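Observations on the three-dimensional arrangement
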Amino acid sequence: MTALLAKPLLYCYILLGTFWAEKPAPAKFHPLHVSTSDISYNVKDGQMEVILTIFTDDFESALQRQFNTKADLSKADMHAAMDELVKKYTAGHLQVRAGGGAALPLTYLGFEINKEAVNVYLESPKIASPKKIDADVSLLQNLYEDQLNIVHMTVAGVRKSAKLDSPARKITQEFN
């Protein structure tokens, strides 16, 4: 009789154990904290064009922390509110100078979700072709100590890249 009860009790224990067992902490979606800033001079339009690419979940966390509000970049009904937050955030965490002058006023054009990342689009007013570009990039550094910001700069088809390991935030590239 005990042999007859042992098997059902074992199955019951296994089944209940899966429900009562302590669940492991969920794994992070990605172990890297990285963004890219693509700063390019458009010869035809005479403008500096900027595309920032940031992991969506990290960007939402940074927006929530900085502005103390719920951030959801993928909900269509929140897009207008998120536009304001993204505009303010990028203005505070990115500055671009051309030719060693004052920071360029970058016009926020908008953002879009691109799979697991967000692309943010900015552009400057018309400027002369720069011989030197300075950038101050502190994206997500207020969130992650291991944040890596990769900065690409392009003028007249010449592309130069650098990486900024937090807390580094300034980069200068010269073009002929």
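Residues numbered from 1 in each chain as written. Predicted model: local features only at pLDDT ≥ 70, side-chain atom pairs only at ≥ 80, totals over all residues. Heavy atoms only, no water.

As for the packing of helix α2 (residues 56-67) against helix α3 (residues 79-93)
Direction vectors running N to C along α2 and α3 enclose 85 degrees, while the axes themselves pass 11 Å from each other. It follows that α2 is roughly perpendicular to α3 by the angle criterion. For the pair formed by α2 and α3, the contact residues are Phe59, Ala62, Leu63, Gln66 and Phe67 on the first element and Leu85, Val86, Lys88, Tyr89 and His93 on the second. (Axes fitted to C-alpha atoms, helices over the stretch in contact; angles between N-to-C directions. Helix = DSSP H or I, 4+ residues; strand = E, 2+ residues; numbered from the N terminus. Parallel < 35°, antiparallel > 145°, perpendicular 65-115°, else oblique. Contact = heavy atoms within 4.5 Å.)

Considerations on the sheet that holds strand β5 (residues 117-126)
One open sheet holds the six strands; their spatial order is β4-β5-β2-β1-β7-β8, and the pairing between them is mixed. Unpaired on one side and paired on the other, β4 (107-114) and β8 (158-165) mark the two borders of the sheet. On average, adjacent strands in this sheet sit at an angle of 15 degrees to one another, irrespective of strand direction. Where strand β1 (residues 34-42) lies against strand β7 (residues 148-155), seven bridges are found, and the strand directions are parallel. In the sheet register, Asp38 faces β7, and the bridge partner there is His152. In the packing of α2 onto the sheet, the strands contacted are β2 (47-55), β4 and β5, and the crossing angle to β2 comes to about 95 degrees. This element, α3, spans β2, β4 and β5 of the sheet and lies at about 115 degrees to β4. (Pairing = 2+ DSSP bridges.)

Remarks on the sheet that holds strand β9 (residues 170-174)
Taken in spatial order, the three strands line up as β3-β6-β9 in an open sheet, and their pairing is antiparallel. Of all the strands in the sheet, the pair left with one neighbour each is β3 (94-98) and β9. The sheet shows a mean angle of 15 degrees between the axes of neighbouring strands, taken without regard to direction. Taken together, the five bridges between β3 and strand β6 (residues 132-137) define a ladder with antiparallel strand orientation. Opposite Arg97, over in β6, you have Asp134 as the bridge partner.

Examining the nonpolar core
Counting residues in hydrophobic clusters, the biggest one holds 38 residues, and the most contacted among them are Ile39, Phe59 and Val120. Dropping the residues within four chain positions of it, Ile39 is found in contact with Met48, Glu49, Val50, Val96, Ile133, Ala135, Val151, His152, Met153 and Thr154. (Core = buried A, V, L, I, M, F, W, Y, C linked by side-chain atoms within 4.5 Å. Buried < 20%, exposed > 50% of the residue type's maximum accessible area, 1.4 Å probe, protein only.)

A look at the confidence of the model for the protein
Here the protein averages 87 in pLDDT, while 83% of its residues score no lower than 70. With pLDDT under 50 throughout, residues 9-28 is counted as low confidence; its partners more than four residues away or in other chains account for three contacts. (pLDDT = per-residue confidence, 0-100.)

Structural notes on the environment of Ile150
Structurally, Ile150 is set in strand β7. Residues contacting Ile150, with those up to four places away along its chain left out, are Val34, Ser35, Thr36, Ser37, Ala162 and Lys163.

Quick notes on the packing of aromatic side chains
The tally for this structure, following the rule as stated, stands at one aromatic pair. Measuring from centroid to centroid gives 5.5 Å for Phe59 and Tyr89, while their planes differ by 70 degrees, and the two rings are edge-to-face. Of this pair, Phe59 sits in helix α2 while Tyr89 sits in helix α3, and the two are 30 residues apart along the sequence. The class of Phe59 is buried, set by a relative accessible area of 0%. Positioned over the ring face of Phe175 is Lys160, at 5.1 Å from the centre of the ring. (Phe/Tyr/Trp six-rings, centres within 6.5 Å; stacked < 30°, edge-to-face > 60°. Lys NZ or Arg CZ within 6 Å of the ring centre and 35° of its normal.)

Digging into unusual backbone geometry
Generally, phi is negative for residues other than glycine and the peptide bonds are trans, each holding for most cases. Along the chain, Ser166 connects to Pro167 via a cis peptide bond; the corresponding omega equals 15 degrees. Take Pro167: it is sitting in the loop between β8 and β9. If you check the backbone angles, Asn68 has positive phi at about 50 degrees while not being a glycine. Positionally, Asn68 belongs in the loop between α2 and α3. Looking at Asn68, the relative accessible area reads 70%, which means it is exposed. Backbone geometry places Lys115, a non-glycine residue, at a positive phi of 60 degrees. Topologically, Lys115 is positioned in the loop between β4 and β5.

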